[in-house]
Amino acid sequence: MTDLQLVAPLAGWVLPLAAVPDPVFAEGMMGPGLAIDPIGDTLHAPCDATVATLHAAGHAVTLQVGAPAAGVTLLMHVGIDTVAMAGRGFTPLVAVGDRVRAGDPLIRFDLDAVVQGASAAVTPVIVVEGAEVTLVDPAHDRLIAVGEPLVRIVAGQGGTIAAANTDEGVSREMTVHLPHGLHARPAARIVAAVRASGAEVTLLSGERSASAASPVALLSLGLAHGSTVTAQARGGDTAAVLDTVEALLTAEVEAAPAAPTTAAVQPAPAPAPASVAEPGAIAGVLAAPGLAVGLAAWLRAAVPDLPTGGEGVAAEQARLVEGLATVATALDAAAAKGGQMSHVLGAHRAILDDPDLRARADAAILNGMSAAAAIMTAAEAQEAQLRASGNARIAERADDIRDVALRVVHAILGTAPAALTVPAGAIVLADDLLPSQLAALAGTGIGGFAVAGGGPTSHVAILAAGMGVPMVVALREAIRVIADGTPLILDADAAILIPDPAADRLVQAKATIAARAAAEATARAAGDRPAATADGVAIHVYANLGSVADAQAAAAAGAEGCGLLRTEFLFLDRTTPPDVAEQAEQYRGVVDGLPGRPVVIRLLDVGGDKPAPYLEIPAEENPALGLRGIRVALARPDVLDDQLRAILAVPDVERCRIMVPMVASADEMSATRTALDRLRDELGIGPVQLGAMIETPAAAATADLIAAHADFLSVGSNDLTQYVLAMDRGNPALAAGIDGLHPAVLRLIRMTCEGAATRGVPVSVCGGLAADPLAAPILIGLGVRTLSVPPARVPATKALVAGLTLAAAQGLASEALAASGAPQVRALARRFAEESGR
Ligand code: PEP
Ligand code: MG
């Protein structure tokens, strides 16, 4: 036998063997071949042959082609696990020894019974024995009718499926030189190049083969650095496409910037956090303080109920096509907006176009599934392949496939994503968290958050701190190997996650949690009485609020007042600004929620990363350095006047203090003061305190000048850190470095305290640093006398203050100012905490 043409033995969808949901077939252990997902009910002979065996259960047949010594043996196995059907639904039409011609019927079967009774109906057609063969010109990924050419079997060449090694086809051995092996980015580039070339390219590695038009198939080869592959190409300019593939397997190609304003499309991995505090721990970056123990629960969007059975192949295929098109349009529209997400959206678009995903989904539809169930099944099979690769970078793509498939499912079903749920007390693991996801989980008893990406001063971190839930970010891909249900200790104060801790470590963590809970209970019992250090210095503990509900939580936690009301909550996510009456009602609600206590209302802080579309701030190249905070208010005096009027309309206005965000000069304070005084005069209202947020290096350096126009100063350490260190607070690649305990930030806080002291103006801190247990003693040592923290942190902060003396805090602060960097400051502060028995 030198060249044998097989014709399709079954009507159905032709698939690569790798798509068969049984490794015995999929991994080529039985031999090379193809598979057909049937739509017909009769298995025919693919060539002239003799029936060599017929399984007693009637579901599988082998055919001898040519003389036993020189020919090959073909196996055709109807469905997977059909042996368990014990012959039900199968009617053999031939007997062992019969000679058959191509196209003769061999086995009739009840397709419905196979679909219901077996794990799959897909039917492998395999060369199980004989001389070494190569399968040439395989049909692939299309519907085929009985008798149509399926594949040619050619003697020699090692037993794998190959593209035709005809005159126009070429193959080339290549070595993977990519340092991380073939991972998602080069795979996507190979796919793009191959698709653009019009050539058919297959990569062969051992017994596995992958179409280079499918990123998932390529990744599933699991090609590590140093692996060799054979690339086979035919059609188009084969030499050129193989050159391109080889180049992409050789060196990483960085994406060219799309435009001068969109530099890196792929953020660099976050730098390693400075130190791993204990063996077995994964180091990250503190985002919300606290200590928790619990079981790991990955945050994954829930799959909606999927209709199992389809309503006919044509109808379901039309639904699939429509769903894919809807998602493609949505992804293209989102990507067109540019920005940090565009590389993710581009990757999602490539997944959507993946022929392997589509072929699997089509096959599932032919198997009787609904379009929604089919795309999910296809995605799950691809996910499993990627997770099995054992390579974190490849495995992380599985979440993207799931994400894309879920989008298609929702598009097909016309549904919206369901609410997120995780078990109470769980430590939630996530690649990244959206504020909306966090908000959806509020009040569900989450133990903690451990996030691979993220930044410590992002608004998600603020939300977590507000919920009183510890959060560590920038844990990077190290957390990907943690399975659901793994016991964890999340020590956010030390910025570490400890998977599978030793029993004694777990006992110790639980004891610390219990001791802290007891100290907090004592602080809570003291109500809103001011906290004081052990040597009697009053330290006010206020709460940061973002809503009326927060005010009630703050009052219950014993806050002495509100040190920061983020009024943006009223202005974001809407198409028109709130009017004076609506604002006044909300401010009054917050003030009423904290009876008898001062409430610092921050003027609108939009712009930058908090867009309010109706304010029509023109697009900016550097929004963080653009029109934000008080700059917006001074550019839009109507907006400022409305907000000031609303504050002045609060019945208890004498308890209100007004705070100005993003101040960079004393002039901005005097302009705001002028507007306030004008309205007070107009409304006949007495003095109202006006304070400045110290969030820019300029404000810290001129604190004495600003204090001349201010009744109080409040350090916004989140922004101050971002601007002092020139590090975007939302950039996960910088998360490990953006630490408010950097001596540069501390020196500016000291400068702020010194400047304020020249005018006798008090200084508070309302950024995340105030709630960081390692930072609070340093801040007090620097001269800060009010800490404003999330409501949930009020009792813990009061308990911490009670355990300090001013002299010790001052000693620690002066050591911190002289330290060489934030990690050194943290080490000093940790030692200080341990010595104080915390
Ligand atoms: C800060 O920058 O520290 C601050 C409190 O303001 P926000 O986090 O709302 O920008
Ligand atoms: Mg700020």
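First, a word on scope: everything that follows refers to the structure included in this document. Keep in mind that what you see is a predicted model, and the values were worked out from it rather than measured.

Calculation notes
Residues numbered from 1 in each chain as written. Chains lettered and ligands numbered in written order. Predicted model: local features only at pLDDT ≥ 70, side-chain atom pairs only at ≥ 80, totals over all residues. Heavy atoms only, no water. Buried < 20%, exposed > 50% of the residue type's maximum accessible area, 1.4 Å probe, protein only. Helix = DSSP H or I, 4+ residues; strand = E, 2+ residues; numbered from the N terminus. Pairing = 2+ DSSP bridges. Expected span 1.5 Å × (residues − 1). Contact = heavy atoms within 4.5 Å. Donors = N, O, S within 2.8 Å, 3.2 Å for Na, K, Ca; no water. Near = heavy atom within 4 Å. Polar contact = N/O pair within 3.5 Å; in protein donor to acceptor, adjacent residues only side chain to side chain. Areas by Shrake-Rupley, 256 points an atom, 1.4 Å probe, with all protein chains shown as cover. Nonpolar A, V, L, I, M, F, W, Y, C, P; charged D, E, K, R; others polar. Axes fitted to C-alpha atoms, helices over the stretch in contact; angles between N-to-C directions. Parallel < 35°, antiparallel > 145°, perpendicular 65-115°, else oblique. Left-handed = near helix turned anticlockwise from the far one by under 90°.

### What about the pairing of strand β18 (residues 228–234)?
A large share of β18 lies buried, amounting to six of its seven residues. With five bridges joining them, strand β16 (residues 200–205) and β18 adopt antiparallel strand pairing. Residue pairing in the sheet places Val-201 in a bridge with Ala-233 of β18.

### Considerations on helix α18 (residues 637–648)
With twelve residues, α18 should reach 16 Å at 1.5 Å per residue; the first-to-last C-alpha distance of 16 Å fits that figure. All buried positions along α18 are accounted for by Val-639, Leu-640, Asp-641, Gln-643, Leu-644, Ala-646, Ile-647 and Leu-648. Looking at the buried residues of α18, the elements they touch are α16 (580–593), β30 (599–602), α17 (630–635), β31 (656–660) and α19 (666–683).

### Overview of the coordination of the magnesium ion (ligand 2)
For the magnesium ion (ligand 2), the protein coordination sphere consists of Glu-695 (OE) and Asp-719 (OD), at 2.0 to 2.1 Å. With Glu-695 in the loop between β32 (689–694) and α20 (697–701) and Asp-719 in helix α22 (residues 717–725), this pair connects stretches of sequence that are 24 residues apart. What makes Asp-719 buried here is its relative accessible area of 2%.

### Comments concerning helix α25 (residues 794–802)
In an α-helix, one full turn covers 3.6 residues, which means residues spaced three or four apart are oriented alike. Of all nine residues in α25, seven are buried, a share of seventy percent or more. Among the residues making up α25, those that are buried are Val-794, Pro-795, Ala-796, Thr-797, Lys-798, Leu-800 and Val-801.

### Comments concerning the site of ligand 1
Around ligand 1, a shell composed of 15 residues is seen, among which Arg-566, Glu-695, Gly-716, Asn-718 and Arg-729 lie nearest. Here an oxygen atom of ligand 1 sits 2.9 Å away from a polar atom, N or O, in the side chain of Arg-602. Note that an oxygen atom of ligand 1 is positioned 2.8 Å from one of the backbone N or O atoms of Asn-718. Within the complex, 100% of the 290 Å² of free accessible area of ligand 1 lies under protein. Secondary structure elements with two or more residues in the shell around ligand 1: β29 (562–566) and α22. Of the residues forming the shell around ligand 1, the biggest block, three residues, is contributed by α22. Taken together, the residues that form the shell around ligand 1 break down as four nonpolar, four polar and seven charged.

### A short note on the packing of helix α26 (residues 806–818) against helix α27 (residues 822–835)
Two elements in contact, α26 and α27, have axes separated by 9 Å at closest approach and are oriented at 160 degrees. Judged on the interaxial angle alone, α27 and α26 are roughly antiparallel. Our pair here, α26 against α27, has a crossing hand that is right-handed. For the pair α26 and α27, contact is made by Ala-808, Ala-809, Leu-812, Glu-815 and Ala-816 and by Val-825, Leu-828, Ala-829 and Phe-832, respectively. Considered class by class, the residues forming the contact of α26 with α27 number eight nonpolar, no polar and one charged.

### A short note on the sheet that holds strand β23 (residues 448–451)
Pairing is mixed in the open sheet, where eight strands are placed in the order β19-β26-β25-β21-β22-β23-β24-β20. Of all the strands in the sheet, just β19 (282–283) and β20 (285–288) have a single pairing partner and so form its edges. Bridge count between strand β21 (residues 291–298) and strand β22 (residues 427–430): three bridges; the pairing is parallel. Counterpart to Ala-296 in the pairing with β22 is Ile-427. Seen against the sheet, helix α14 (residues 503–525) touches β21, β25 (487–491) and β26 (496–499) and runs at an angle of roughly 120 degrees to β21.

### Some thoughts on the pairing of strand β28 (residues 538–545)
With six of eight residues buried, β28 is to be regarded as a mostly interior element. The sheet contact formed by strand β27 (residues 531–532) and β28 spans two bridges and is antiparallel. Directly across from Ala-531, in β28, lies its bridge partner Ile-539. Between β27 and β28, which pair antiparallel in sequence order, lie five residues; one of them, Gly-536, sits at a positive phi of approximately 85 degrees.

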